[in-house]
Amino acid sequence: HHIAMAEGSDPLTEASSHLGRVQALLSSEAERLKTERDKMEEDFPRLRLFTEDCVSLNVGGQIFMTTLQTLRKDADTMLASMFSGRFDMTPRKDGSFFIDRDPTYFSFILNYLRTGTIITPDNFAARDALLLEAEFYNIKPMVDTLSEFSSSTLMKDQDKMTLLSWLNWKSPWRMIYKASRDGFRVTDFHRCCDNKGETVSVIHTTGGYLFGGYTDVPWTSAGGQYRQSTQTFLFAFRSYGMGHKAVKSDVVASANAVYHHSSHCCAFGQSLTMFIADSSNANSNSSSSWSSSEYTFPSGVSNRYWLVGEPNFRTTDIEVFGHQ
């Protein structure tokens, strides 16, 4: 049999042309399949992210292993949002997800998400660095805890750390009263501080002294009543007798740990070991007189006026912190 060909056509040319078209189709199909394969390989870790529990995080070059459950535990955090499935998360070739942050304190972040317990470094520089990371990842409970006494303008960082250690790291402490902001009148104090649970009061005087007291007894405007407490204590960061040494003075006469009266601000001790008067910035009616039968003396001190060097003083500001 003979195949009819168009007049003037060359069989070899026709065959070559046909093969060229076939090769072009095959080449195009091969390229398409390669593209699809590459895309599948690229997407595989991303697809696997939502089918496997384990997640590898590369934080600033350091690898952390955790689970989707941990990362999604607090829905308000940036990490929960990142791994919610709503965003196109592309891992690195090794399957890890890169976060361009300092890894130094990331373990604190991860351990909080794992356990719900906030563990903080034991110095303020580290706490401040961790606070920045907690703010970046939007971990509000940790931000609140790390911001303890952050609004204080009277205490230095070391004062805050020392006070927190005396308070057994209870948290969070928020400013509920500042005399220079809310007023120095006794009515201002009770308006802001009454029935607010346990409190810490910090007092600064015209002599530059800084001291205060903690009590677990809520302040009230009672008409002259002593309140019992075994947990109340007084403290000083800068005092006449101890200079810049931080000291803590525990209650001895627990039956009369604090004194509540509508005409007084905070008052500690039966004989008013430490007492803040009405309009304490405008007069010297506030007083301090130590008695070893009421609150312990700092080691090596016996002068009853060790706090400010004299019986009376005038304040420049007062801060009170509570949980409410």
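This text goes with the structure placed above it.
Every chain's residues receive numbers from 1 upward, in the order its sequence appears when written. Totals for whole chains, interfaces and linings use all residues, but because this is a predicted model, local features are given only for residues with pLDDT of at least 70 and pairs of side-chain atoms are given and counted only at 80 or more. Note: side-chain values were computed over all heavy atoms of the structure, leaving out hydrogens and water.

Peer 1: Just checking my understanding: could you explain unusual backbone geometry for this structure?
Peer 2: Glycine aside, residues mostly have negative phi angles, and peptide bonds mostly take the trans form. One non-glycine residue, Leu272, lies in positive phi territory at about 55 degrees. One can find Leu272 in the loop between strand S11 (267-268) and strand S12 (274-275). Even without being a glycine, Ser279 presents a positive backbone phi close to 50 degrees. Along the chain, the position of Ser279 falls in the loop between S12 and strand S13 (286-288). The way it works is that DSSP assigns letters per residue, a run of H or I at least four long becomes a helix, a run of E at least two long becomes a strand, and they are numbered from the N terminus.

Peer 1: Help me understand the environment of Ser271, please; the structure alone is not making it clear to me.
Peer 2: Inspection of the secondary structure assignment puts Ser271 in the loop between S11 and S12. Taking the C-alpha atoms as reference, Ser271 lies 58 Å from Phe64; in sequence the two are 207 residues apart. A polar side-chain atom of Ser271 sits 2.6 Å from a polar atom in the side chain of Glu294. Here a polar contact is taken to be a pair of N or O atoms separated by no more than 3.5 Å, where protein atoms must pair a possible hydrogen donor with a possible acceptor and residues adjacent in sequence count only if both atoms sit in side chains.

Peer 1: Would you mind showing me how to read the sheet that holds strand S3 (residues 97-99) here?
Peer 2: Sheet strands line up and pair through hydrogen bonds in the backbone, either parallel or antiparallel. Strands were regarded as paired on the criterion that DSSP finds at least two bridges between them. Overall, mixed pairing links the three strands, which are arranged S2-S1-S3 in an open sheet. Single-partner strands in this sheet number two, and they are strand S2 (62-67) and S3. Averaged over all pairs of adjacent strands, the angle between strand axes in this sheet comes to 30 degrees, irrespective of strand direction. With three bridges connecting them, strand S1 (residues 54-59) and S3 associate as parallel partners. Each bridged residue has a counterpart across the sheet, and for Leu57 the counterpart in S3 is Phe97. Only heavy atoms matter for contacts: two residues are in contact if any of them lie within 4.5 Å across the pair. Whenever a helix is involved, its axis is fitted only over the stretch in contact; in every case the axis is a line through C-alpha atoms, and angles between N-to-C directions fall within 0 to 180 degrees. With respect to the sheet, helix H4 (residues 106-115) is in contact with S1 and S2, its orientation differing from that of S2 by roughly 5 degrees.

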